[in-house]
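Chain by chain, the residues run as shown.
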Amino acid sequence: MQDINLNAITTDRLTHACFTENAVEASMLRLDKIHPLISGNKWFKLRYYLEEAKQQHKKKIVTFGGAWSNHIMATAAACRLHQLECTGIIRGEKPPVLSQTLQQAASLGMQLVFISREKFSDSYIPDELKTDNNYIIPQGGYGEPGAKGAAGILRMADKKNTHTHVCCAAGTGTMLAGLVHAASPEQKVIGISVLKNNYQLEKDVAGLLKEPDQRFSVLHDYHFGGYAKCSTTLIQFMNGWYRQTNIPLDFVYTAKLCFAAMDLAGKKYFPGGSRILLIHSGGLTGNASLKKGTLIF
Ligand SMILES: *Cc1c(COP(=O)(O)O)cnc(C)c1O
């Protein structure tokens, strides 16, 4: 299988009028380019978990996710690269037809175990998987090793790293916490929550930081109805963005991030002269859940 290629990462300048007219210099860090399946931030978040598993001589990785989980797909691919066995505990009954994500994960060698929604919510692990040979990665990769890995993301940006604001999409907040770890004292880190009313998120991020930190904030107004919810406005936005930039976005995370960044720039949220960096955290495989022809890319 194709290896991870960090050299493929670029920082692309964004020239939308809403940025330039408001004296905001915007660019995008293209983590989506590192691998077709282990997309974007998930590789960064997984790397220290996998290293620890190997150090502890674990045979198998066990983790959790839904049918379209980027984390499941990335874990399957990363375990294949690291020659580790893996099991994905999947939320819900086994459907007659597997999602493309699950089909791909299975074809990469991941064993899939389906767990009812009630049990899944407690991060339930079947007894047969609770052995010393197994290494458990929490759902979504939330945890200190995940944040430590995500800190590496900011080092991929141009060496000088003179951005005033770093903006990312936030699910569990692990990437956001990692970016705060790596940020300079003057930098602000802004997370766009993709879940509806997830006011727990600030606490979750703080839980991964050593001390209270004024540099990060979470914005809750750009969820478009909730996790993995998608509207015509968002689809039109993604197609328009692609026409202008040639950069594909995913509808669960990065589209909401870019929409938010443009909206905020228009509302003068960023002071004139700001240099903002948007993190393209990947996740493009999830677009396969949309009806064919919805997107122009
Ligand atoms: C998982 C994911 C995120 C969210 O990362 P968290 O660390 O859970 O906040 C953002 N973007 C993409 C594309 C993802 O797959």
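**Q** I'd love a proper account of the domain arrangement of the protein, names of residues and values included.
**A** The assigned domain composition of the protein is domain 1 (6-40 + 150-289) and domain 2 (41-141). Of note, the centres of domain 1 and domain 2, computed from C-alpha atoms alone, are 25 Å apart. Buried surface at the junction of domain 1 and domain 2, both sides included, amounts to about 1,600 Å², of which 69% is carbon and sulfur. Our enumeration of links across domain 1 and domain 2 arrives at zero salt bridges. Examining the composition of the side of domain 1 that touches domain 2, we find that three residues originate from one element, helix α6 (residues 144-154), more than from any other. Tallied by class, the residues present in the side of domain 1 that touches domain 2 amount to 12 nonpolar, 10 polar and no charged.

**Q** Talk me through unusual backbone geometry; I want residue IDs and the actual numbers.
**A** Phi at A23 takes a positive value of approximately 55°, unusual for a residue other than glycine. Despite not being glycine, N246 shows a phi value in the positive range, around 70°. By the secondary structure assignment, N246 is in the loop between α9 (232-245) and α10 (254-266). Of the residues examined, N246 reaches a relative accessible area of 53% and is grouped as exposed.

**Q** Lay out the sheet that holds strand β2 (residues 25-30) in plain terms, naming residues and giving numbers.
**A** Pairing within the open sheet is mixed, and its six strands lie in the order β1-β2-β10-β7-β8-β9. Looking at the sheet topology across the chains shown, the edges are occupied by β1 (11-14) and β9 (216-219). Strand-to-strand twist across the sheet, computed as the mean angle between neighbouring axes with direction ignored, equals 25°. Sheet strands in contact with α10 are β2, β7 (165-170), β8 (188-193), β9 and β10 (275-280), and its direction is about 165° off that of β10.

**Q** Now, about the pairing of β9: what can you tell me, with residues and values included?
**A** Pairing between β8 and β9: four bridges, direction parallel. Residue pairing for β9: V189 is matched across the bridge by F216. Regarding topology, helix α8 (residues 201-206) serves as the crossover connection from β8 to the parallel β9, and that connection is right-handed.

**Q** Help me get a handle on the nonpolar core, residues and values and all.
**A** I61, I153, L179 and I279 are the most contacted members of the largest nonpolar core, which totals 54 residues. Take this core: its biggest share by element is seven residues, from helix α3 (residues 70-82). Each of two domains, domain 1 (6-40 + 150-289) and domain 2 (41-141), supplies a minimum of three residues to this core. Apart from the residues lying within four places of it in its own chain, the contact partners of L179 are A150, I153, L154, V166, C168, V189 and I279. Within the second largest apolar cluster, 35 residues are counted, among which are I192, L219, I235 and M238.

**Q** With reference to specific residues and values, describe the sheet that holds strand β4 (residues 85-91).
**A** Taken together, the four strands give an open sheet; going across it, the order is β5-β4-β3-β6, and neighbouring strands pair in parallel fashion. Whereas interior strands pair on both sides, the edge strands pair on one side only; in this sheet they are β5 (111-115) and β6 (134-136). Strand-to-strand twist across the sheet, computed as the mean angle between neighbouring axes with direction ignored, equals 25°. Strand direction decides the pairing type here: β4 and β5, joined by five bridges, are parallel. Bridge assignment links I89 to a residue of β5, and that residue is V113. Set on the sheet, α3 makes contact with β3 (60-65) and β4; between it and β3 the angle comes to about 165°.

**Q** Account for the site of the ligand, with residues named and values stated.
**A** The environment of the ligand is formed by 14 residues, the closest being K42, K45, G171, T172 and S281. In this structure, an oxygen atom belonging to the ligand sits 2.8 Å away from a side-chain N or O atom of N70. Considering the ligand on its own, with 390 Å² of exposed area, one finds that the protein chains cover 98% of that surface. Per-element accounting of the shell around the ligand gives the leading share, three residues, to helix α2 (residues 41-55).

Quick notes on the rules
- Residues numbered from 1 in each chain as written.
- Predicted model: local features only at pLDDT ≥ 70, side-chain atom pairs only at ≥ 80, totals over all residues.
- Heavy atoms only, no water.
- Domains from an automatic or database assignment.
- Buried area = accessible area lost by both parts, 1.4 Å probe.
- Salt bridge = Lys/Arg side-chain N within 4 Å of Asp/Glu carboxyl O.
- Helix = DSSP H or I, 4+ residues; strand = E, 2+ residues; numbered from the N terminus.
- Nonpolar A, V, L, I, M, F, W, Y, C, P; charged D, E, K, R; others polar.
- Buried < 20%, exposed > 50% of the residue type's maximum accessible area, 1.4 Å probe, protein only.
- Pairing = 2+ DSSP bridges.
- Axes fitted to C-alpha atoms, helices over the stretch in contact; angles between N-to-C directions.
- Contact = heavy atoms within 4.5 Å.
- Right-handed = clockwise from strand over helix to strand, strands pointing away.
- Core = buried A, V, L, I, M, F, W, Y, C linked by side-chain atoms within 4.5 Å.
- Near = heavy atom within 4 Å.
- Polar contact = N/O pair within 3.5 Å; in protein donor to acceptor, adjacent residues only side chain to side chain.
- Areas by Shrake-Rupley, 256 points an atom, 1.4 Å probe, with all protein chains shown as cover.

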